[in-house]
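Topology and contacts: notes
The residues making up each chain are set out below.
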Amino acid sequence: MNINLKGLKIAIIGGNSPCKRILEILTGPGLRELAPEVLLVADTLFHSEGILYAEEKGIRVTADYQDVCALFGVDLILKLKNDAILGCILEKINAERVSIIDLGAHRALSFLNFLEAEEEKIRIKRKIQAEEIDRTEIMDLFDEYCRRMRKNADDESKLFESEREDLISIEKELSQIIQGSMIPTFIINNEHIITHWNAACEELTDQKAYELVGTDRQWVPFRSAKRPTMADVIVGGMSESEVSKYYGSSWRKSALIKEAYEAEEFFPHLGDGGKWIFFTAAPIKSPDGKIIGAIETLRDLTEDKRAKEELELQDKELSTLYEKYKKSEEKYRSLFNNNPNPIFIIDRETFEILDVNHRVENEYGYTKADLLGRVFFDIWERSDDTVRQSLEGLPKNGAILFTKKKHFKKDKNSFFVNVKVVHATYSHRDVLIASATDITESVEKETQLIQAGKLATLGTMAAGMAHEINQPLNVIQICADLILKMINKGIAIPDEELVMMAKDIIDNVTRPRGSSSMSGIFHGSRKGT
């Protein structure tokens, strides 16, 4: 660590343990010649030893970290506290003018060693400059300084080894998280070398991790010649004009992730017939804000694109049919009213219902007169604002599909629909044509499928119970038939035979209650309820 302390203006965030020792050195007589100045110590814990020592020395203290950003003339910020909110606050600092040092356990020790070494150097210089010093004293001072430097190096080495083991452990955990992610992901370092290429990325690109990790060939699955990926753009710190040179108008800054870029592009080399990929790259930063790598995630949009193309084709066909038949009111009405789906025609600006077909009256229970002039959103779920927002933002000649939305009939009963809305022209005015498909049965079937397993179990239970019940009934019937025949023939039944038949009946009636099969059935019945 090499910092010029002369006249340095310093702010400290965090009054925990190293803070007091740092303040003692910075404000002590040892560095008086360099005249560093501590402007502020910030911590929400006002009883920490650093805060108390700062107050004792007349240094300004604060519990508001924002005060650090408002400091005028500060050169260096020492961050001793690991608070999530600090990252957002310190982003406001001009990194070109103010240095920020994140003092974790290792760096705090290293910084203290640096301060003590500077203090020791000044002390030795003072002694050397004194007239009365002799050669032996100089040698003793040199030996003492060397011993201190050796001790500092040993302390830092031990802490470095401990942190190295921690970092290795963290790296293993990170690799497991990335490798187990279902999102195709790869990571490069600040030298554009791939460090991670997860299984999902292998599946998407058909490129194995062992072929790419440790190389700068992240472009291989996507390009026929070497060219920066979006992660390379981030690590390279490219300007927007340079990014546009490679990605044209297909890229943009992420609205969700600060300093991240995203783009959507077709890659003919991927899969059968190519794939549409949406990719996002974000920087990985060190505690002091330097970019040390980038992470890029990929999302396959091919199926979405195909679905969109099919939707556009359907919309185009619908618009063509509409234009073809709109001149003929009779033909138009026939097509309109005989459509199997409810259709609404809505004013583009006010969302007022202008027309409905007969299927709307049948499905929703309203008459045409009830609906004309009403706002289209009256039949939708009131709490769902996404529909209005989507329709307000629908471009001219655009289309949108709403899935699994609730509509309400005149009797207030709800049902589920898919609604496709397209822009069109109706009687020389801009309108929206909304076609609804009742999917209530499909939604209910999803629920019914969940019950199917239980019903199958109940069937098995019923069959088992019938078997166990029929067996004692058969014994009772046989015994009863025998007794009746002997009575009809006038034959006396010996007592021992009556006792034997009674025992058979009792055994067969009482047996199912304790039988293993019936017990299993009743146990399964209780478990299934």
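So, here is what we can say about the structure in this document. (Residues numbered from 1 in each chain as written. Predicted model: local features only at pLDDT ≥ 70, side-chain atom pairs only at ≥ 80, totals over all residues. Heavy atoms only, no water.)

Quick word on the packing of helix 1 (residues 17-27) against helix 2 (residues 49-56)
Remark: helix 1 packs on helix 2, axes separated minimally by 7 Å, with the N-to-C direction vectors making an angle of 30°. Judged by the inter-axis angle, helix 1 sits roughly parallel to helix 2. Side by side, helix 1 and helix 2 meet where Ser17, Cys19, Lys20, Leu23, Glu24 and Thr27 of the first sit next to Glu49, Gly50, Tyr53 and Ala54 of the second. Among the residues making up the contact of helix 1 with helix 2, the classes are represented as 4 nonpolar, 3 polar and 3 charged. (Axes fitted to C-alpha atoms, helices over the stretch in contact; angles between N-to-C directions. Helix = DSSP H or I, 4+ residues; strand = E, 2+ residues; numbered from the N terminus. Parallel < 35°, antiparallel > 145°, perpendicular 65-115°, else oblique. Contact = heavy atoms within 4.5 Å. Nonpolar A, V, L, I, M, F, W, Y, C, P; charged D, E, K, R; others polar.)

Regarding the environment of Lys6
Tracing the sequence through the fold places Lys6 in the segment before strand 1 (9-13). Exposure remark for Lys6: the relative accessible area of 56% places this residue in the exposed category. (Buried < 20%, exposed > 50% of the residue type's maximum accessible area, 1.4 Å probe, protein only.)

Brief notes about the sheet that holds strand 1
The 5 strands are arranged 3-2-1-4-5 in an open sheet whose pairing can be described as parallel. One side of each edge strand has no neighbouring strand; the edge strands of this open sheet are strand 3 (61-62) and strand 5 (99-102). Looking at chain direction, strand 1 and strand 4 (residues 76-79) are connected through 4 bridges and run parallel. Considered in strand 4, the bridge of Ile12 is made with Leu78. (Pairing = 2+ DSSP bridges.)

Details of the sheet that holds strand 6 (residues 185-189)
Judged by pairing direction, the sheet is antiparallel, and its 6 strands sit side by side in the order 7-6-11-10-9-8 without closing on themselves. On the outer flanks of this sheet lie strand 7 (194-197) and strand 8 (251-253), each paired with one strand and no other. Averaged over all adjacent pairs, the angle separating strand axes in this sheet is 20°, with direction ignored. Examined bridge by bridge, strand 6 and strand 7 share 3 bridges and lie antiparallel to one another. Residue pairing for strand 7: Phe186 is matched across the bridge by Trp197. The strands that helix 10 (residues 240-247) touches are strand 8, strand 9 (261-267) and strand 10 (275-285); relative to strand 8, the one it contacts most, it runs at about 150°.

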